[in-house]
Amino acid sequence: MKQQIGFIGGGQMAEALIKGIIASGLYQKENILVAEPNDFRRNHLEKVYSVRTYPHNHTIFDASRLIILAVKPQTMKSLLEDCKDRVRPDHILISIAAGLPISFYMKTLGKKETKMIRVMPNTPALVLEGASALSKNDNVSDEEMRLAEEIFLAVGEVVILDEVHLDAVTGLSGSGPAYVFSFVEALIDAGVKAGLTRIVSEKLALQTISGSIKLLRESGEHPAALRGKVTSPGGTAITALHVLEKFGFHGIIMDIVESAVIRSKQLGKLE
Ligand SMILES: NC(=O)c1ccc[n+]([C@@H]2O[C@H](COP(=O)([O-])OP(=O)(O)OC[C@H]3O[C@@H](n4cnc5c(N)ncnc54)[C@H](OP(=O)(O)O)[C@@H]3O)[C@@H](O)[C@H]2O)c1
């Protein structure tokens, strides 16, 4: 059985991780500690997940070695300044805050021995289907990194990368759900334009997307090969794909990811 795990911040993302950790049996409920100033959120987490909650952070640092920092990026500096005297050399700090580089935590805490892991998760983690990228500093051992990896495996897929790649991750999987939601929305509108009711169009569009992903995963085939199989000579799909390529679909997707990567780099430099 694992030791205790502490969360600083009991918001949406912390809740998703707690849900996944409990469902996977990684930690017992009574070994999950959450510091959260909001009474409503504390009551909610206690009632739904039977975890132990506290209105302040100090108990968490005293009781847990593994600590997940799950507050908004704009709150992080004051949180670190408030807690820095309680951070011990054996603590493993895992931050899920978007955009803040490991150097930010090291500078604010002012302790060169701090074990720091930075994670870029995405919103499907809320339904245990996330994609998370993890980076660590040199103070974190491979064994300690495996403890962090297990947590994020409980809410989806995990990759471990050097921090230099986290801007690319932000552009692809971090912001990715926004692109997918836009695509689905457009597909639903297109069905409505073609004469379907919104309810029918929504049902068909969603199932088409999730079914296609399942087919991709289960067949193991390249997307281009599967696309080839649904394009019969002179048919509807190839006619539609012609329009897609005339407007530069591949180029647009590559441009949007690239623009998000550039923005992520800009935001990181502001810290
Ligand atoms: N949601 C996502 O899909 C997503 C995706 C990728 C990354 N992230 C990252 O995950 C982090 C958390 O996001 P979220 O969506 O879970 O935010 P959230 O729902 O706002 O949760 C943050 C929680 O932390 C609490 N808090 C604020 N200051 C605190 C302190 N000093 N000590 C303890 N708790 C404190 C907040 O309480 P109050 O509301 O009372 O301030 C709030 O309940 C963010 O840094 C975000 O960048 C989120």
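Scroll up a little and you will see the structure.
First, a word on scope: everything that follows refers to the structure included in this document. (Residues numbered from 1 in each chain as written. Predicted model: local features only at pLDDT ≥ 70, side-chain atom pairs only at ≥ 80, totals over all residues. Heavy atoms only, no water.)

Approximately 720 Å³ is the volume attributed to the second largest pocket. For the second largest pocket, the lining is made up of 31 residues, of which M13, A70, V71, K72 and I96 are closest to its centre. Breaking the lining of the second largest pocket down by element, the ones donating at least two residues are helix 1 (12-24) and helix 4 (73-83). With 4 residues, the top contributor of residues to the lining of the second largest pocket is helix 4. Grouping the amino acids of the lining of the second largest pocket by side-chain chemistry returns 16 nonpolar, 12 polar and 3 charged. (1 Å grid on protein atoms, 1.4 Å probe; cavity = no way out; pocket = protein on both sides within 12 Å on 5 of 7 lines; lining within 4 Å. Points joined across faces, edges and corners; volume = space filled by probe spheres on them. Helix = DSSP H or I, 4+ residues; strand = E, 2+ residues; numbered from the N terminus. Nonpolar A, V, L, I, M, F, W, Y, C, P; charged D, E, K, R; others polar.)

Here we come to the site of the ligand. Around the ligand, 22 residues are found, and the nearest of them are M13, E36, V71, A98 and T123. In the model, an oxygen atom of the ligand is placed 3.0 Å from a nitrogen or oxygen of the Q12 main chain. Assessed atom by atom at 2 Å from the grid points, the ligand resides in the second largest pocket. Broken down by secondary-structure element, the contributors of at least two residues to the shell around the ligand are helix 1 and helix 4. No other element matches the 3 residues that helix 4 contributes to the shell around the ligand. Partitioning the shell around the ligand into residue classes produces 12 nonpolar, 8 polar and 2 charged. (Near = heavy atom within 4 Å. Polar contact = N/O pair within 3.5 Å; in protein donor to acceptor, adjacent residues only side chain to side chain. Sits in = over half its atoms within 2 Å of the grid points.)

Bridge count for strand 7 (residues 130-136) against strand 8 (residues 156-160) is 5 bridges, and the pairing is parallel. When the sheet's bridge partners are listed, L134 is paired in strand 8 with I160. (Pairing = 2+ DSSP bridges.)

The next subject is the packing of helix 4 against helix 5 (residues 102-109). Viewed as axis vectors pointing N to C, helix 4 and helix 5 meet at an angle of 35°, and their least axial separation amounts to 9 Å. The handedness of the crossing between helix 4 and helix 5 comes out as right-handed. Here M76, K77, L80 and E81 of helix 4 lie close against helix 5, whose contacting residues are F104, Y105, T108 and L109. In the contact of helix 4 with helix 5, the residues fall into 5 nonpolar, 1 polar and 2 charged. (Axes fitted to C-alpha atoms, helices over the stretch in contact; angles between N-to-C directions. Left-handed = near helix turned anticlockwise from the far one by under 90°. Contact = heavy atoms within 4.5 Å.)

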